[in-house]
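# Inside the fold
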Amino acid sequence: MSKAYTVAVAGATGAVGETMLQLLEERNFPIRQLKLLASDRSAGKSLIFRGEELKVEQLGERSFQGTEIALFSAGATRSQQFAPAAVKAGAVVIDNSSAFRMDPDIPLVVPEINPDALAGYQARGIIANPNCTTIVMLMPLKPLHDYGRVRRVVASSYQAVSGAGAKGIEELRRQTLAWARGESIEIGAFPQQIAFNVIPHIDTFQANGYTKEELKLVFETRKILGDESIGVSPTTVRVPVFTAHSISMNVETERKIGVDKAKELLSKMPGLVVFDDPEAGRYPMPVLAAGKDDCFVGRIREDLSNDHALNLWVVGDQLRKGAALNAIQIAELLVKRYL
């Protein structure tokens, strides 16, 4: 990566945007110039990058002149509105929203899983970053699928409030303080009280009884793994945890995979750590995964009711691998192979 690039971050003041800036600095991404973009409410704020104070500009149609890579984490509506303008200005867009994920002309990429799909960016100039829960789930699913071909996954997620952005983090903090003080609890970012509660409702419910968040797990999994036959039965739940999503997975495969073989396969997967010694209290938890780039998998055991199925528990920091890190890994692969 000897060449340096002009990079724009749209949504720079949000939870994912701030994590993108942190990771761009940590990973020494080759940046010649960095543009920080956000809504009019955040324009004028200052953020520190590599010791330099940078002003946040208002995101607009003309924000991308001279930009080569545009990292979007500003929501689907703004991505649909402004990503085409970024492409027209000459940038490659890496979009973290749901706006383009299921578009057949736009690659949906997890670099450890389907890096060759990245070549398809040239059709539209846009690369989609998968849903955060999908990424965490697929990290252990990929090596099992390659070895034994996954037939069906039953996935129940336990999703941290930061998956809803800075407003979700603030709501849990504020409600917890209000509860401790005996004050009334106000609801805003989530449909129900989140402090000391779990909410089986993420995104909007559809006619079939599933939420949009749950259906993302179904359709994104099939697109990324390139297999429309994989069955996915999802339930997504918001829990009062600040950072890192957890997923309980029951994975049925055509070829039987025992526990020892599964651990061998999972231990070879880049970006995945097998952390599985329950008797010693070693199993994945959000407090372990928060702030880490790797996902952690444990509680690996055979399904007592199906000799072709395994139960797994996987945890990953959804602000990092589930969002910002995956986008920056895409950018690193992009500059290595194509730019």
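Quick note: structure is the one above.
If you're wondering where the values come from, they're calculated on a predicted model, not measured in any experiment.

### Considering the side chain of S63
- With respect to the helices and strands, S63 occurs in the loop between β4 (52-58) and β5 (69-72).
- Polar contacts involving the side chain of S63 include one to the main-chain carbonyl oxygen of Q58, which spans 3.4 Å.
- Only 2.8 Å separates the side chain of S63 from the backbone nitrogen of G60, close enough to count as a polar contact.
- Sequence-distant contacts of S63, that is, excluding residues within four places in its chain, are made with K35, L37 and Q58.

### Concerning helix α4 (residues 166-181)
- Between its terminal C-alpha atoms α4 stretches 23 Å, which fits the 22 Å expected from 16 residues at 1.5 Å a residue.
- Looking at α4, one finds that the buried residues are G168, E171, L172, Q175 and A178. On an axial view of α4, the arc spanned by its buried residues comes to 135 degrees, and they lie on one face. For α4, the exposed residues set more than 90 degrees away from the buried face come down to A180 and R181.

### Let's talk about the packing of aromatic side chains
- Per the counting criterion, the structure on display carries five aromatic pairs.
- Residues F64 and F72 carry aromatic rings whose centres are separated by 5.5 Å and whose planes lie at 20 degrees to one another, so their mutual orientation is stacked. The same class applies to F64 as to F72, namely buried.
- Plain terms: the ring middles of W179 and F196 are 4.4 Å apart, the flat faces sit at 40 degrees to each other, and that makes the pair tilted. Of this pair, W179 sits in helix α4 while F196 is found in the loop between α4 and α5 (212-225), placing the two residues 17 residues apart along the sequence.
- Residue placement shows R255 over the ring face of Y147; its charged tip is 3.9 Å from the ring centre.

### Some points on the sheet that holds strand β3 (residues 46-49)
- In spatial order, the strands read β3-β4-β2-β1-β5-β6-β7; together these seven strands make up an open sheet with mixed pairing. Strands at the two margins of the open sheet, each flanked by one partner only, are β3 and β7 (126-128). The sheet shows a mean angle of 25 degrees between the axes of neighbouring strands, taken without regard to direction.
- In this structure, strand β2 (residues 31-38) lies alongside β4, joined through three bridges in parallel fashion. Of the residues in β4, the one forming a bridge with A38 is Q58.
- On top of the sheet, helix α1 (residues 15-26) reaches β1 (5-10), β2, β3 and β5; it is set at about 25 degrees to β3, its chief contact.
- Where helix α2 (residues 76-88) meets the sheet, it contacts β5, β6 (92-95) and β7, and its direction lies at approximately 175 degrees from that of β5.

### Side note on the pairing of strand β9 (residues 231-238)
- Burial within β9 is extensive, with six of its eight residues counted as buried.
- Sheet topology places strand β8 (residues 150-159) next to β9; eight bridges connect them, and they run parallel. What sits directly across from V153, in β9, is V232.

### What to know about the packing of helix α3 (residues 132-148) against helix α8 (residues 320-337)
- Between α3 and α8, the least distance of the axes is 8 Å, while the angle of their chain directions is 95 degrees. When the axes of α3 and α8 are compared, the pair comes out roughly perpendicular. On α8, the residues touching C132, I135 and M139 of α3 are K321, G322 and N326.

### Observations concerning the pattern of salt bridges
- Counted under the stated rule, the structure contains 22 salt bridges.
- Of the charged contacts in the structure, one is a salt bridge between E264 and K268, with a shortest N-O distance of 3.4 Å.
- When its relative accessible area of 33% is taken as the criterion, E264 is described as partly exposed.
- Members of the salt-bridge network, linked through shared partners, are E26, R27, D293, R320 and E332.

### Here we look at the environment of Q80
- In this structure, Q80 sits in helix α2.
- For the pair Q80 and D95, spaced 15 residues apart in sequence, the C-alpha to C-alpha distance is 9.8 Å.
- What Q80 contacts, discounting residues up to four positions off in sequence, is A99 and F100.

### Points about the sheet that holds strand β11 (residues 272-274)
- Spatial ordering of the open sheet is given by β9-β8-β10-β13-β12-β11, a layout of six strands whose pairing is mixed. Edge positions in the open sheet fall to β9 and β11, since each of these has one partner strand only. Across the sheet, the axes of successive neighbouring strands diverge by a mean angle of 20 degrees, strand direction being ignored.
- Relative to strand β10 (residues 245-253), α3 is tilted by about 25 degrees, and along the sheet it contacts β8, β10, β11, β12 (295-302) and β13 (309-316).

The rules behind these values
- Residues numbered from 1 in each chain as written.
- Predicted model: local features only at pLDDT ≥ 70, side-chain atom pairs only at ≥ 80, totals over all residues.
- Heavy atoms only, no water.
- Helix = DSSP H or I, 4+ residues; strand = E, 2+ residues; numbered from the N terminus.
- Polar contact = N/O pair within 3.5 Å; in protein donor to acceptor, adjacent residues only side chain to side chain.
- Contact = heavy atoms within 4.5 Å.
- Expected span 1.5 Å × (residues − 1).
- Buried < 20%, exposed > 50% of the residue type's maximum accessible area, 1.4 Å probe, protein only.
- Arc of directions from axis to C-beta.
- Phe/Tyr/Trp six-rings, centres within 6.5 Å; stacked < 30°, edge-to-face > 60°.
- Lys NZ or Arg CZ within 6 Å of the ring centre and 35° of its normal.
- Pairing = 2+ DSSP bridges.
- Axes fitted to C-alpha atoms, helices over the stretch in contact; angles between N-to-C directions.
- Parallel < 35°, antiparallel > 145°, perpendicular 65-115°, else oblique.
- Salt bridge = Lys/Arg side-chain N within 4 Å of Asp/Glu carboxyl O.

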